[in-house]
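Inside the fold
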Amino acid sequence: TLFYPFHGTIAFHAWLRAMGSVIGRDCFVAPQAGGYAEFDGMKIGNGAVVLTANIHGHFVDHGHLQFAPVFVGARSRINAGATVMPFSKVGDDASLRVGACTIKG
């Protein structure tokens, strides 16, 4: 992708912040992750690691498109292939393994 040269740099975090994300200090967010669509709903705590995960900030409920925040706690790890659904909160020091999926809410 366009952001691959910025993989793991402060430039990528600055771009996420410019899009409305709240990114803590000492985080690693992989730019090739496929599920980033609603940047203004992502809140990632200090020291968190988000690898190639699918983070969804939207859902369809009763025929209406709705947007919801996603929280990733401090020092948490979201591994490649994990899916974080809207209204989810991954707590501090938590880890989502490969293929894991949170439930909405």
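Okay, so let's go over this structure. (Residues numbered from 1 in each chain as written. Predicted model: local features only at pLDDT ≥ 70, side-chain atom pairs only at ≥ 80, totals over all residues. Heavy atoms only, no water.)

Attention now moves to the sheet that holds strand S4 (residues 49–50). Judged by pairing direction, the sheet is parallel, and its 4 strands sit side by side in the order S2-S4-S9-S12 without closing on themselves. Looking along the sheet, the strands with just one partner apiece sit at the ends: strand S2 (28–29) and strand S12 (95–96). Where S2 meets S4, 2 bridges bridge the pair, whose relative direction is parallel. Considered in S4, the bridge of Val29 is made with Val50. (Pairing = 2+ DSSP bridges. Helix = DSSP H or I, 4+ residues; strand = E, 2+ residues; numbered from the N terminus.)

Listed in full, the buried residues belonging to helix H1 (residues 10–18) are Phe12, His13 and Leu16. Summarising the axial view, the buried residues of H1 lie within an arc of 100 degrees, below the 170-degree limit, and thus occupy one face. For H1, exposure combined with an orientation more than 90 degrees from the buried face picks out Ile10 and Ala18. Each element contacted by the buried residues of H1 is listed here: strand S1 (22–23), S2 and strand S3 (42–44). Gly20 sits one or two positions beyond H1 and adopts a positive phi of about 110 degrees. (Buried < 20%, exposed > 50% of the residue type's maximum accessible area, 1.4 Å probe, protein only. Arc of directions from axis to C-beta. Contact = heavy atoms within 4.5 Å.)

Okay, the environment of Gly47 next. Mapped onto the elements, Gly47 comes out in the loop between S3 and S4. Judged by relative accessible area, Gly47 falls into the partly exposed class, the value being 28%. Separated by 20 residues in sequence, Gly47 and Cys27 place their C-alpha atoms 4.5 Å apart. Once residues within four sequence positions are removed from consideration, Gly47 is found in contact with Arg25, Asp26, Cys27, Arg75 and Ser76.

Right, let's get into the nonpolar core. Membership of the largest hydrophobic core comes to 19 residues, with the highest contact counts inside it found for Leu16, Ile44, Val50 and Ile78. Of all the secondary structure elements, the ones that give two or more residues to this core are H1, S3 and strand S8 (70–72). Each residue touching Ile78, except ones within four places of it in the same chain, is listed here: Val49, Val50, Leu51, Ala53, Val72, Val84, Val90 and Leu96. (Core = buried A, V, L, I, M, F, W, Y, C linked by side-chain atoms within 4.5 Å.)

Another point: the sheet that holds S3. In spatial order, the strands read S1-S3-S8-S11; together these 4 strands make up an open sheet with parallel pairing. Each edge of the sheet is formed by a strand with only one pairing partner; in this case those strands are S1 and strand S11 (89–90). As judged from the 2 bridges shared by S1 and S3, these two strands associate in the parallel manner. Directly across from Val22, in S3, lies its bridge partner Lys43.

Turning our eyes to something else, we now look at the environment of Thr83. With respect to the secondary-structure elements, Thr83 resides in strand S10 (residues 83–84). The spatial distance from the C-alpha of Thr83 to the C-alpha of Arg97 is 9.7 Å, given a sequence separation of 14 residues. Setting aside its immediate chain neighbours within four residues, Thr83 contacts Asn54, His56, Ala100, Cys101 and Thr102.

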